[in-house]
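# Structural characterization, general
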Amino acid sequence: SAVISQKPSRDICQRGTSLTIQCQVDSQVTMMFWYRQQPGQSLTLIATANQGSEATYESGFVIDKFPISRPNLTFSTLTVSNMSPEDSSIYLCSVAGTGNSYEQYFGPGTRLTVT
Amino acid sequence: QKEVEQNSGPLSVPEGAIASLNCTYSDRVSQSFFWYRQYSGKSPELIMSIYSNGDKEDGRFTAQLNKASQYVSLLIRDSQPSDSATYLCAVRAGTYKYIFGTGTRLKVLA
């Protein structure tokens, strides 16, 4: 398995501002993903963070709103830009591809509230 | 559209009973199957993975896979109130493409 940390764990932000969430893994991983989860809802994949190249976004998510970086195999950031109250959610980083495994592991999440 | 279906519940079982959680998937080429437990306010935690038809046991948990029926289940023996959580089924539908079900909420009654 992998040990994943996310910063910040929670934040309250004003509308129109941006927040960058960091995800750090304790070992090199093949894949890093960013999800969003509304309370009581299932997971929604935002994008796959690709090392050294542009992220791959899912339908309904765009780079201008959710820019993602992945400078190496252990670190990624997700920025939520020009926030509105609809962006209030839990944002989860996950990783897969540790060793020969396809298992996916999740970070602790970032709880974002936009006022 | 590739899908993973789960009954949303809640599934209520008495303490000490067997909880049976079910999941069906639509993509026949799916290779790997995972069960996650998610406590309220926490992130999903991987509890079981299964790749071959049949049963896989780990402590009180047994995952069962039937690829012909496109069905995967999770049995929790001797259910405890601490098992109360939402259980997410996930399918690996491509090299690193994962599809999650919406989860089944389990309540173990003391």
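Right, let's walk through the structure included here.

Cut-offs used in this document
- Residues numbered from 1 in each chain as written.
- Chains lettered and ligands numbered in written order.
- Predicted model: local features only at pLDDT ≥ 70, side-chain atom pairs only at ≥ 80, totals over all residues.
- Heavy atoms only, no water.
- Contact = heavy atoms within 4.5 Å.
- Buried area = accessible area lost by both parts, 1.4 Å probe.
- Salt bridge = Lys/Arg side-chain N within 4 Å of Asp/Glu carboxyl O.
- Polar contact = N/O pair within 3.5 Å; in protein donor to acceptor, adjacent residues only side chain to side chain.
- Helix = DSSP H or I, 4+ residues; strand = E, 2+ residues; numbered from the N terminus.
- Buried < 20%, exposed > 50% of the residue type's maximum accessible area, 1.4 Å probe, protein only.
- Core = buried A, V, L, I, M, F, W, Y, C linked by side-chain atoms within 4.5 Å.
- Pairing = 2+ DSSP bridges.

Contacts between the two partners involve 19 residues from chain A and, on the opposite side, 17 residues from chain B. Counting the surface lost from both chain A and chain B, the interface buries some 1500 Å², and carbon and sulfur atoms represent 59% of this. At the junction of chain A with chain B, the criterion picks out zero salt bridges. Connecting chain A to chain B are six residue pairs in polar contact (both at pLDDT 80 or more).

Further remarks concern the side chain of Ser42 of chain A. Assignment of secondary structure puts Ser42 of chain A in the loop between β4 (31-37) and β5 (43-49). Engagement of the side chain of Ser42 of chain A in a polar contact is seen with the backbone oxygen of Gly101 of chain B, the distance being 2.9 Å. When sequence neighbours within four positions are dropped, the list of residues in contact with Ser42 of chain A reads Arg36 and Gln37 of chain A together with Leu88, Gly101 and Thr102 of chain B.

Let us now look at the environment of Ser101 of chain A. Residues and elements named next belong to chain A. Considering the arrangement of structural elements, one finds Ser101 in the loop between β9 (89-96) and β10 (104-106). With relative accessibility at 18%, the residue Ser101 sits in the buried group. A polar contact is formed between the side chain of Ser101 and the backbone nitrogen of Glu103, at a distance of 2.9 Å.

Attention shifts here to the nonpolar core. As a rule of thumb, soluble globular proteins bury nonpolar side chains together. Core analysis: the largest hydrophobic core is formed by 42 residues, its most contacted members being Trp34 of chain A together with Phe100 of chain B. At six residues, the largest contribution of residues to this core is made by β9 of chain A. Listed in part, the 25 residues of the second largest apolar core include Cys23, Ile50, Ala63 and Leu106 of chain B.

Residues and elements named next belong to chain A. Along the polypeptide, Phe66 turns up in the loop between β6 (56-57) and β7 (68-72). Exposure remark for Phe66: the relative accessible area of 3% places this residue in the buried category. When the C-alpha atoms of Phe66 and Leu78 are compared, they prove to be 6.4 Å apart, with twelve residues separating the residues in sequence.

Residue and element names in this part refer to chain B. A sheet is described by the order of its strands in space; here five strands give the open sequence β1-β3-β8-β7-β6, paired in antiparallel fashion. In this open sheet, the two edge strands, each paired with only one partner strand, are β1 (4-5) and β6 (54-58). For strand β7 (residues 61-66) and strand β8 (residues 71-76), the ladder comprises six bridges, and the chain directions are antiparallel. Bridge pairing in β8 links Ala63 to Leu74.

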